[in-house]
Each structure stands twice: as structure tokens, then as C-alpha cells.
Amino acid sequence: MKTRAKGALELPLNQILSGDCIEVMNSLPEESVDLIFADPPYNLQLKGELHRPDNSKVDAVDDHWDQFDSFAAYDAFTRAWLAAARRVLKPNGAIWVIGSYHNIFRVGASLQDAGFWILNDVVWRKSNPMPNFRGKRLTNAHETMIWAAKDEKSKATFNYEALKALNEGVQMRSDWVLPICNGHERLKDANGDKAHPTQKPESLLHRVLVGATNPGDVVLDPFFGTGTTGAVAKKLGRDFIGIEREEAYRKIAEKRIAKVRRYDAESLQVSTSKRAQPRVPFGTLVERGLLAPGDELQSMNGRYSAKVRADGTLAANKTSGSIHQVGAALEGAPSCNGWTYWCYKQDGKTVPIDNLRQQIRAEMGDRAN
């Protein structure tokens with residue numbers, strides 16, 4: 001059964017908190033959050049308005065919350081919110097920070113200075129980026145995310161098999177091709193304009209949360225905006241805490257998240273590594289009567305047979321030992337996966353003994369639920 005950190009019951013779960021993110025994070029219980037997803041101000045340093053070739057104005061990020069007097073001021077702000085974030089992270093917690101070339105390198109250095117341990121940098125390659133209207137630079141077609149554990153010894157959640165399944169059975173790479181937020185997903189204000197200039201697509205948060213959290217985990221977003229993190233967390237059965245100082249964004253986020261429905265428990269299950277499954281000794285099959293002492297097993301290739309013994313070992317060709325040891329000895333191999341190597345007869349068919357192990361694991365899962 002999943003337990004939460006001391007003080008977790010006092011957490012304002014599934015709420016959007018008003019105020020300065022540093023002050024609010026410092027008011028939360030220490031070591032109470034599993035994951036932080038942060039989309040801090042980019043400090044774009046825009047000089048003047050930006051127009052398209054037809055002279056129409058581009059709705060760029062020129063809001064007051066993205067403006068800092070100097071790099072030094074931005075760095076001080078970054079160090080302060082990272083310190084507050086690290087305080088609330090559980091020992092095995094992790095953080096994802098997204099940014100552009102304007103800020104991500106400065107944030108990355110501050111992350112390391114604060115004691116975080118960088119696990120990956122992930123390039124979000126936008127399949128439909130905004131063009132470079134002035135034609136003086138390359139089209140800015142990506143943003144960078146940094147995934148970091150609280151420290152070098154932290155055992156951050158990583159659902160490797162789940163991300164592999166999302167990628168059609170191929171190991172997930174660190175370059176993610178996903179579209180920017182547009183169309184029906186792009187939220188609008190009362191005037192029909194973009195509600196938030198840097199709204200992130202839900203597909204991006206879906207991948208992050210499936211890969212780096214489990215159902216019931218607490219996800220904190222200190223720059224909540226219009227609530228993409230909260231919306232996806234709610235769908236996926238995670239608890240969220242949002243912090244947003246702008247009232248207009250909070251209202252939009254609250255309305256958005258209120259419409260979200262959580263997926264059912266069965267749908268929230270993800271692929272797991274075989275190593276994460278309960279260990280079932282071969283002897284358990286004998287104790288449970290699924291196989292009996294004296295039963296004969298056949299090798300998958302049909303060349304060898306072995307007899308089951310009462311203590312869960314096998315005997316064959318003057319050798320005895322575990323299902324793995326006997327299989328390796330017969331094949332003259334350094335190792336052998338006995339679960340897939342040895343088979344038994346069922347209804348006239350040759351079936352790997354691993355089927356019996358999976359049967360017991362299924363029963364163990366039912367008891368746990």
C-alpha cells in the first residue's frame with residue numbers, strides 16, 4: 001500500500017494556490033511532493049513588437065511576469081524557486097524544467113549548483129513551430145526539458161516499459177516530436193485571444209507523467225498558468241498542487257480542470273518491467289501442486305528432459321540444481337532462463353512453465369487489490 005510523507009495529509013491536494021510560488025512552496029510540508037513540473041518565465045528579453053510579413057502583430061510573450069531587470073535578477077529568482085522546490089521534494093522525488101535557449105542553460109547550471117542530479121535533457125521538437133518572421137535566425141523549432149533527481153542517490157520513478165510501449169515497443173529517445181498547443185486545445189480568453197502565450201500541449205505532460213510518476217503521486221507545478229499539468233494529472237489519477245499568482249490564469253485553469261474526468265483504475269495501469277513483478281520461486285509451483293515431484297519437463301528445443309524433485313530442483317543426465325542451472329549445464333551455456341527453457345504438457349500441448357508462474361502472480365495481484 002502506498003504511503004505518503006509525514007505531513008502529506010495537510011497538503012492542499014488538487015487545488016490552485018494563489019501567490020508567489022517561492023512563498024507558497026516554503027509554506028508546504030517538507031519532503032511531501034513526488035514530482036515537480038516547472039515551466040518558469042523564459043526571460044525572452046523582447047525588444048519591441050514583432051510583426052508578420054503582412055504587418056500583422058504576433059501575440060508574443062511580452063507579459064510582465066516574463067520580464068526581469070537583468071540576468072543577475074533572473075538567476076537570483078531561479079536559485080530561490082529551485083531551493084524552495086528542492087525542500088518540498090521527497091528524497092526520491094524528481095523535477096522536470098522546461099525552457100528555451102533564452103533561459104534553459106542558466107536554469108541547468110542553477111539546478112546543478114542546488115544539488116539536483118541531472119538524469120536527461122529532453123528535446124521537445126515541435127512538429128509545427130512558429131516561423132521566424134524576421135528571417136534573421138533559424139526557426140526556433142524546439143524547447144529543452146531537464147529531468148533531474150533530487151540528488152545523486154535518489155531513486156526517481158522511471159516507468160521504462162510504459163514509455164517503450166508508448167513508442168510502439170521501441171526504447172523512448174530523448175527527442176520528442178510533438179505538436180505545439182493549437183486548435184481546440186488552445187484556450188482562449190473572453191476576447192478570443194490566446195489565454196496564455198506559452199500553454200503547453202497535454203501530450204507533452206502525458207508523456208512526462210506516465211514516464212515519471214505513478215497513480216496517487218503528488219505533482220506540483222509552481223508556474224501553473226492555465227493548468228495543463230493539473231488537467232493531465234487529474235486524468236491520470238495523480239494528485240496535483242498548482243501555484244499561480246495571476247488571477248486570470250487561475251480562473252481559466254479552475255474552469256478547465258473542473259471539466260476533466262479521471263480515467264478508470266484499469267486504464268491507468270501501465271506496462272512494468274519483469275523485474276518489478278513479484279518473485280515466484282520454482283519451488284512454489286511444486287508446493288502448490290501445479291507440478292508434482294516426479295513430473296517430467298521437456299526443454300523447449302525437445303532435446304532434453306528433466307525430473308521435478310520435491311525441493312523444487314531438477315535432475316537430468318547426472319546433474320541437478322535449479323531450473324536455470326540444469327538448463328545451462330545441458331546446453332553448455334553460461335546461463336539459461338529456466339522459466340522459458342523448460343516446458344510441461346497441457347492438453348497435449350507443450351507449454352512453458354512460465355505460464356504457471358504468471359498464474360500465481362495473477363493470484364498475488366488479486367489478493368493485493
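Residues numbered from 1 in each chain as written. Predicted model: local features only at pLDDT ≥ 70, side-chain atom pairs only at ≥ 80, totals over all residues. Heavy atoms only, no water.

Q: Would you take a moment to explain the overall build of the chain for this structure?
A: Each helix and strand counted, the chain has eleven helices and 14 strands in total. Put simply, the chain has 369 residues, and 44% of those count as buried. Look at the contacts in the chain between residues 6 or more apart in sequence, and 68% of them connect residues 24 or more apart. By element, 48% of the accessible surface of the chain is carried by carbon and sulfur atoms, the whole surface being about 20000 Å². (Helix = DSSP H or I, 4+ residues; strand = E, 2+ residues; numbered from the N terminus. Buried < 20%, exposed > 50% of the residue type's maximum accessible area, 1.4 Å probe, protein only. Contact = heavy atoms within 4.5 Å. Areas by Shrake-Rupley, 256 points an atom, 1.4 Å probe, with all protein chains shown as cover.)

Q: Got a minute to help me understand the pairing of strand E3 (residues 89–99) in this structure?
A: Along any regular strand the residues' side chains alternate between the sheet's two faces. Judged by how many residues are buried, E3 sits mostly within the fold: nine of eleven residues are covered. As paired strands, strand E2 (residues 33–38) and E3 are joined by five bridges and run parallel to one another. Each residue of the ladder has a partner; that of Ala38, found in E3, is Val97. (Pairing = 2+ DSSP bridges.)

Q: Honestly, the packing of helix H2 (residues 71–88) against helix H3 (residues 104–113) in this entry has me stumped. Any pointers?
A: The relative placement of two packed helices is expressed as an angle between their axes plus a distance between the axes. Between H2 and H3, the shortest axis-to-axis distance is 10 Å and the interhelical angle comes to 45°. Considering their axes alone, H2 and H3 lie oblique with respect to each other. Crossing of H2 over H3 shows right-handed handedness. Listed contacts from H3 to Phe71, Tyr74, Asp75, Thr78, Arg79 and Leu82 of H2 are Arg106, Val107, Ser110 and Leu111. Residues that form the contact of H2 with H3 fall into these classes: five nonpolar, two polar and three charged. (Axes fitted to C-alpha atoms, helices over the stretch in contact; angles between N-to-C directions. Parallel < 35°, antiparallel > 145°, perpendicular 65-115°, else oblique. Left-handed = near helix turned anticlockwise from the far one by under 90°. Nonpolar A, V, L, I, M, F, W, Y, C, P; charged D, E, K, R; others polar.)

Q: Any chance you could explain the sheet that holds strand E1 (residues 15–17) here in plain terms?
A: One key point about sheets: their strands pair by backbone hydrogen bonds, in either a parallel or an antiparallel sense. Here eight strands make up an open sheet; going across it, the order is E1-E8-E7-E2-E3-E5-E4-E6 and the pairing mixed. Edge positions in the sheet fall to E1 and strand E6 (175–178), since each has one partner strand and no second. Strand after strand, the sheet turns through a mean of 20° between neighbouring axes, direction not considered. The sheet contacts of helix H5 (residues 202–212) involve E2, E3, strand E4 (117–126), strand E5 (142–149), E6 and strand E7 (218–221), and relative to E6 the element is tilted by about 140°. Contacts from helix H7 (residues 247–258) reach E1 and strand E8 (239–243), with the element oriented near 175° to E1.

Q: Honestly, the environment of Glu247 in this entry has me stumped. Any pointers?
A: Structurally, the position occupied by Glu247 is in helix H7. For Glu247, a relative accessible area of 45% translates into the label partly exposed. It is 7.7 Å that separates the C-alpha atoms of Glu247 and Ser18, two residues lying 229 residues apart in sequence.

Q: What am I meant to see in the side chain of Asp217 here?
A: Turning to its location among the elements, Asp217 is positioned in the loop between H5 and E7. Given the relative accessible area of 3%, Asp217 is considered buried. A distance of 2.8 Å separates a polar side-chain atom of Asp217 from the backbone nitrogen of Asn214. (Polar contact = N/O pair within 3.5 Å; in protein donor to acceptor, adjacent residues only side chain to side chain.)

Q: Just to check I follow, could you spell out the nonpolar core for this structure?
A: Considering soluble globular proteins, one finds that nonpolar side chains tend to be buried as a cluster. Counting 34 residues, the largest nonpolar core has Leu35, Trp96, Met145, Trp176, Leu204, Val208 and Leu209 as the members making the most contacts within it. Of the residues forming this core, the biggest block, six residues, is contributed by H5. (Core = buried A, V, L, I, M, F, W, Y, C linked by side-chain atoms within 4.5 Å.)

Q: Help me understand the sheet that holds strand E13 (residues 342–346) in this model?
A: Across the sheet, six strands lie side by side as E12-E11-E10-E9-E13-E14; this open sheet has antiparallel pairing. The open sheet has two edge strands, strand E12 (319–321) and strand E14 (349–352), and neither has a second partner. Between one strand axis and the next, the sheet turns by 35° as a mean value, whatever way the strands run. Pairing between strand E9 (residues 296–299) and E13: two bridges, direction antiparallel. What sits directly across from Ser299, in E13, is Trp342. Contacts between helix H9 (residues 323–331) and the sheet are confined to strand E11 (314–316), E12 and E13, with E12 contributing the most and set at about 150° to the helix.

Q: I would appreciate a short explanation of the packing of H5 against helix H6 (residues 228–235) in the present structure.
A: Close contact between H5 and H6 brings their axes to 9 Å; oriented N to C, the two are set at 55°. Comparing their axes, H6 and H5 come out oblique. As for the relative orientation of H5 and H6, their crossing is right-handed in sense. Within the contact between the two elements, H5 uses Glu202, Leu205, His206 and Leu209 and H6 uses Thr228, Thr229, Ala231, Val232, Ala233 and Lys235. Residue composition of the contact of H5 with H6, grouped by class: five nonpolar, three polar and two charged.

Q: Hey, could you run me through the packing of aromatic side chains in this one?
A: The geometry of an aromatic ring pair is captured by the separation of the ring centres together with the interplanar angle, meaning the angle of the planes. Tallying each qualifying case throughout the model produces ten aromatic pairs. Seen in terms of ring centroids, Tyr74 and Phe77 are 6.4 Å apart; in terms of plane orientation they differ by 50°. Their pairing is tilted. A residue pair is termed a helical-turn pair when its members lie 3 or 4 positions apart in one helix, as Tyr74 and Phe77 do in helix H2 at three residues. The buried category is assigned to Tyr74, whose relative accessible area is 1%. One aromatic cluster is present, built from ring pairs that chain together Trp96, Trp147, Phe158, Tyr160 and Trp176. The ring centre of Trp176 lies 5.0 Å from the NZ or CZ of Arg207, which sits over that ring. (Phe/Tyr/Trp six-rings, centres within 6.5 Å; stacked < 30°, edge-to-face > 60°. Lys NZ or Arg CZ within 6 Å of the ring centre and 35° of its normal.)

Q: Any chance you could explain H9 here in plain terms?
A: Working note: α-helix, 3.6 residues per turn, so residues spaced by three or four point in the same direction. Turning to H9, its buried residues number three or more, namely Ile323, Val326, Gly327, Ala328 and Leu330. Where the residues of H9 are buried, they touch helix H8 (282–287), E11, E12, helix H10 (338–341) and E13. One or two residues past the end of H9 sits Gly332, with phi positive at roughly 65°.

Take it as geometry only, folks, not as evidence of what the structure does.
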